Structures are given as C-alpha cells and as structure tokens.
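# Structural overview for review
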Amino acid sequence: MIRTATLPNGFRIVTDAMPGLASAAVGVWVSAGARHEGADQTGIAHFLEHMAFKGTATRSARQIAEAIEDVGGYINAYTSREATAYYARVLAPDVPLALDVIADIVLNPAFDPAEIETERHVILQEIGQALDTPDDVIFDWLQEVAFPDQPMGRPILGPADRVRRYGATDFRRFVADHYAPAQMILSAAGAVDHDAVVAVAERLFGGLAPAAAPAPEPARFAGGERREIKDLEQVHLAVAFEAPGWRDPSVHVAQVYATALGGGMSSRLFQRIREERGLCYSIFAQAQAHEDTGLITLYAGTGEDEVAELAALTVEELRRAADDLGDAEVARAKAQLRAGLLMGQESPSNRAERAARLLAIWGRVPEVAETAAQIAAVTAADTRAFAARLIERAPALALYGPAGAAPGMDALRARLAA
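Summarised in this report is the structure supplied together with it. (Residues numbered from 1 in each chain as written. Predicted model: local features only at pLDDT ≥ 70, side-chain atom pairs only at ≥ 80, totals over all residues. Heavy atoms only, no water.)

### Regarding the packing of aromatic side chains
Applying the stated criterion across every chain, the model contains 11 aromatic pairs. Ring centres 5.6 Å apart and planes at 45 degrees place the aromatic pair Phe-139 and Tyr-299 in the tilted group. A residue pair is termed long-range when its members are at least 10 positions apart, and Phe-139 in helix α5 (residues 134-146) and Tyr-299 in strand β10 (residues 294-302) qualify at 160 residues. Aromatic pair Phe-284 and Tyr-299: ring centres 5.5 Å apart, planes at 40 degrees, arrangement tilted. One end of the pair, Phe-284, is in strand β9 (residues 280-289); the other, Tyr-299, is in strand β10, and 15 residues separate them in sequence. According to the relative accessible area criterion, Phe-284 is partly exposed, its value standing at 26%. Joined through ring pairs, the aromatic side chains of Phe-47, Phe-111 and Phe-171 make up one cluster. (Phe/Tyr/Trp six-rings, centres within 6.5 Å; stacked < 30°, edge-to-face > 60°. Helix = DSSP H or I, 4+ residues; strand = E, 2+ residues; numbered from the N terminus. Buried < 20%, exposed > 50% of the residue type's maximum accessible area, 1.4 Å probe, protein only.)

### Here we look at the sheet that holds strand β8 (residues 235-243)
With mixed pairing, the five strands of this open sheet are ordered in space as β7-β11-β8-β10-β9. Of all strands in the sheet, those bounded by a partner on one side alone are β7 (224-229) and β9. In this sheet, adjacent strand axes meet at a mean angle of 10 degrees when their direction is disregarded. Where β7 and strand β11 (residues 396-401) come together, six bridges link them in parallel fashion. In the sheet register, Ile-229 faces β11, and the bridge partner there is Gly-401. Strands in contact with α5 are β7, β8, β9, β10 and β11; relative to β11, the strand with the most contacts, it is inclined by about 150 degrees. (Pairing = 2+ DSSP bridges. Axes fitted to C-alpha atoms, helices over the stretch in contact; angles between N-to-C directions. Contact = heavy atoms within 4.5 Å.)

### A few points about the packing of helix α12 (residues 327-344) against helix α14 (residues 368-376)
At a closest axis distance of 10 Å, the pairing of α12 and α14 adopts a crossing angle of 170 degrees. Of the possible angle classes, the one that applies to α12 and α14 is roughly antiparallel. Residue-level contacts link Lys-334, Leu-337, Leu-341 and Leu-342 of α12 to Val-368, Thr-371, Ala-372, Ile-375 and Ala-376 of α14. Classifying every residue of the contact of α12 with α14 by side-chain character gives seven nonpolar, one polar and one charged. (Parallel < 35°, antiparallel > 145°, perpendicular 65-115°, else oblique. Nonpolar A, V, L, I, M, F, W, Y, C, P; charged D, E, K, R; others polar.)

Shown next, in the form of structure tokens:
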C-alpha cells in the first residue's frame, strides 16, 4: 500500500509496505541531476554524489560503510539526468539506522580537500573507462547531438577538464541551489511502517529551511550527426528520435512501439537484421522518458563492410512499422511491458525507486494497475500512427569506429522520407 506525507518545509515521504518481507529499501531522491547543472557545472552532480560517501561531520568514509555493512546491508548512490539518489537495503529493524546514515551523507558532507583529490582521480578514471567503451560513449554523443548546447545534452560524468577544477566551494554552491527540502523525496518500500518512517524523516529533515530551487532549462530536441572515425573492430551506430516525456499521454505508446521494434529477440530489428541476415551481434531499440521530453533510441554494432546494409534495413523496418505493425506484435510488446512492470513489483528497491520517480513527476504515485491499464489500452493503430509521426522528424545520429562507409544524416532522412 502506497502512502505519502509532506513535512511543513516541503520535504516529501512515500512508503510502500510489502507484507511478508524481512527487509526494506530506503533512500532519498533529490531533483538535482545533470540537467540541473549550469554550463560551468557539468559533472558536478555526479562528483557530489561520490563525495557523499567520503565522510561527514560525524562519520569517516570507513564508518559510513561499516555502519551499514555491520548490520548486513548495503548502501549506494547514482546520478541520472534528472535526479541523484542515495539508497540502502537493510533488514527491517535497521531502517532507522539506514535513514540516519543517508541523512548524514546528504546533509553533512565534509568535503575534505584530501578526499576531494582522491575522488577526483577516481572519477577521471571513470571518464577514461567510458571513453574506452564505445557502446557507452556513443550514447553520450547521441544525447549531445539530440540536445546540443543545453544541460539535457551534456554528459553526466562531465568533461575531464571541469572535473579537475571542482572544489568544496563549488559543491556547497550546488547544494545550496538544489538540495532544498521540496526537491527531496524519502522513499521506502518493503518491511516498513509509514508512521515510523515519517517520524524519522521529521527528526532528520524537518529542520531544513524551505527554499526555492531554480527550474531546469526546458529540453529542446535538435538532431544532427556526430561521426568519430577510429580503428575499432566494429562500427557503433546509434540513432535517436524525439519521443514523449512522462507527462505526455502517449508515453506508453512510445514504449510499446520501441519494444515491438527492437525490445527483444522476437522484435523486428532483431529478427530481420540479426537472425535472418546475420549483420550484427547486438541490435535493439528502447524508449527513454524524462519529465518534458523523451527519446526512441536504436543501437547496433556491426562490421565496416556491413554497416551500409544494416542502416538500409533499419530504415526499411522503421518505415514498414508505420504501415503493417500488427496486432500480434503489439500484444507481445504489451505483454513484455506488463510483465516487466509486475516483476519489478517483487523488488522493494524497484518499488522505492518507482515511487520516488513518479511522485517527483506527477505529485502522486499511480497504482501499478493504473499503469498496466494504460499499457493495455494501446492499440496497433495507435502504434502505427506513432511510428508514422516519428519518422517525419529529423533524428540524431552518432557513429563511432571505421564508419567512413556508413550513411550520413542526409542519406538517413532521405530514405525515411522515400
């Protein structure tokens, strides 16, 4: 059962009790991700997330880890484009301890200069590793091409030259601007008692002063091309089209379409390009939704000699989907989405994350049955109409590897319009 509460300062709490569980997932989600950064702050939200575990006014980095691991739990964090999350999984009696540790690392980071330098080196290694992983870095480039010169298009890790310059003053400025109580949500799922969690939240977060946080810059999809030629084993190709955000009623149509097109082994792209033609090992499509925008993304890795044919067949499938995507394919895609939704309900971590994300977007947490009904209501006609609208738009294209023979943006658009 989902229950919510809001403290007088705007701090929100959402709980999802799961009878029969012995453990709980708890965390604080802050609406302070990569898209909330200024042009001179790229990567700072992610750096700040790392610094949360490097010590507070009362706990060292080791004490933070030991406090949770001494009771058999684990603690972690992540930064996305729209949020930073600090979360833990513990047994039911240890929920107050986990919340105390999370509140400590969120509200009282020490920003010790020596620890900043240590973590700076770690993040620079993380950036280097991403650059050495073509099927990771190409999605950063695709995002940059899709949303150029704006926060939504900048990499979450940030560029190395900026990461080298951030210090304690920069972190404190970002926290002061974005870590207001109304931007925070405490979410807990599993073996939790709502009233007890609210009481702990009041003790830990109730004293924060209300403050306004600047709204993120609206996302503006532009499209374009980035091609990086390098002597690799494969050409990595990624294409993105603008798609609905979470607040758009057609968001579930986009999810059904992406799943039918390239969401599994039975999908059109996998069957035609991998199974029938053997042109690649990996190919998929996915729908990503943010608050005010989204992306339909297609990716494939293939050989230098195969990339032109692969691109042509991909465009053919995009066009064909607008004409003959059938009832059976759409039913299969909806079954996959519904099963994924319901399977996710078996995990308290998934439920806590879902509740926090949807509460941040809509101010409420729709019941799973409501979401499942919206997915079930999508028809093949809806999906074909969506497919037709999609290919009328200019996409974003990113290529990496021996990509000289790969068709460019103009050729892609011409084939889509043919």
